[in-house]
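Observations on the three-dimensional arrangement
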Amino acid sequence: GQSLEQPSEVTAVEGAIVQINCTYQTSGFYGLSWYQQHDGGAPTFLSYNALDGLEETGRFSSFLSRSDSYGYLLLQELQMKDSASYFCAVKDRNQGGKLIFGQGTELSVKP
Amino acid sequence: DAGVTQSPTHLIKTRGQQVTLRCSPKSGHDTVSWYQQALGQGPQFIFQYYEEEERQRGNFPDRFSGHQFPNYSSELNVNALLLGDSALYLCASSWRGREMPTGEQYFGPGTRLTVT
């Protein structure tokens, strides 16, 4: 089966940098996605890594190491509005479009 | 351009009843996936529809069924409701040709179902 592990919560201050880690186990890894979800809101797509390395999108970057079954989301210049839950999710090539989500990391940004 | 829409927003049902939730995908999208999200948990995949057929299914009982219409909209039906079915039900749409290489799905705001 598939499983993902990520920290349940992280706290950081405004303007700082924070890294949210994700380790995964899956039989047919295809790619790792990251989603942001504010309280009561819809998850929104942040990034996707299918190959090793760093993908940068503005203040957010995502990294993948396929050999280590590990990835992380890096958030720079933190803002109060970044307080939300962040989910990593894997796509399994044996499972088509099915996304398997982690339990989520609740990020609290303090002033 | 409207994003993914879902109806109703909130719903309260009694154990044993049946419920139908509706989803309209983002314009240009042809694939709809349904997820169940319990409080404090990540979304759990229920199933995915493409070309009006169920393509993938998660570990959910047959009480959960769905349908996709020719205009790509979709319904999720849950029969014989249990207290444990109380959750946020999320619909996500994607364009199949883009979703596989990018993993990108667009989520709707969800339907909050409470079973009493």
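Notes on the structure follow.

Conventions used here
Residues numbered from 1 in each chain as written. Chains lettered and ligands numbered in written order. Predicted model: local features only at pLDDT ≥ 70, side-chain atom pairs only at ≥ 80, totals over all residues. Heavy atoms only, no water. Contact = heavy atoms within 4.5 Å. Buried area = accessible area lost by both parts, 1.4 Å probe. Salt bridge = Lys/Arg side-chain N within 4 Å of Asp/Glu carboxyl O. Polar contact = N/O pair within 3.5 Å; in protein donor to acceptor, adjacent residues only side chain to side chain. Helix = DSSP H or I, 4+ residues; strand = E, 2+ residues; numbered from the N terminus. Nonpolar A, V, L, I, M, F, W, Y, C, P; charged D, E, K, R; others polar. Pairing = 2+ DSSP bridges. Phe/Tyr/Trp six-rings, centres within 6.5 Å; stacked < 30°, edge-to-face > 60°. Buried < 20%, exposed > 50% of the residue type's maximum accessible area, 1.4 Å probe, protein only. Lys NZ or Arg CZ within 6 Å of the ring centre and 35° of its normal.

Contacts between the two partners involve 19 residues from chain A and, on the opposite side, 24 residues from chain B. Taking both partners together, chain A and chain B bury about 1,700 Å²; carbon and sulfur atoms supply 53% of that area. Three residues stand out in chain A for area buried against chain B, namely Lys98(A), Phe101(A) and Gln103(A), and they jointly supply 26% of the buried area on that side. Applying the counting criterion to the chain A and chain B interface returns 0 salt bridges. There are 2 residue pairs in polar contact (both at pLDDT 80 or more) connecting chain A and chain B. Elements represented by at least two residues in the side of chain A that touches chain B include exactly β4 (29-37), β5 (44-49), β9 (84-92) and β10 (99-101) of chain A. In terms of residues, the side of chain A that touches chain B owes the most to one element, β4(A), which gives 4 residues. Split by residue class, the side of chain A that touches chain B holds 9 nonpolar, 8 polar and 2 charged.

This part takes up the pairing of β5(A). Residues and elements named next belong to chain A. Pairing geometry for β4 and β5, over 5 bridges, is antiparallel. Within the sheet, the bridge partner assigned to tyrosine 35 lies in β5 and is phenylalanine 45. A loop of 6 residues connects β4 with β5, the two strands running antiparallel in sequence, and glycine 40 in this loop sits at a positive phi of about 75 degrees.

Moving on: the packing of aromatic side chains. Taken as a whole and assessed by the stated rule, the structure comprises 14 aromatic pairs over all chains. Between Tyr35(A) and Phe101(A), the ring centres sit 5.5 Å apart and the planes meet at 55 degrees, which makes this aromatic pair tilted. On the criterion of sequence distance, the pair formed by Tyr35(A) in strand β4 and Phe101(A) in strand β10 is long-range, its members being 66 residues apart. Residue Tyr35(A) is classed as buried on the basis of its relative accessible area of 0%. Ring geometry for Phe47(B) and Tyr49(B): centres 5.3 Å apart, planes at 85 degrees, overall edge-to-face. Of the residues examined, Phe47(B) reaches a relative accessible area of 0% and is grouped as buried. With a relative accessible area of 5%, Tyr49(B) lands in the buried category. Grouped by ring-pair contacts, the aromatic residues Tyr35(A), Phe45(A), Phe87(A), Phe101(A), Tyr35(B), Phe45(B) and Phe107(B) constitute a single cluster. One Lys or Arg, Lys26(B), reaches over the ring of Tyr106(B) and ends 5.2 Å from the middle of that ring.

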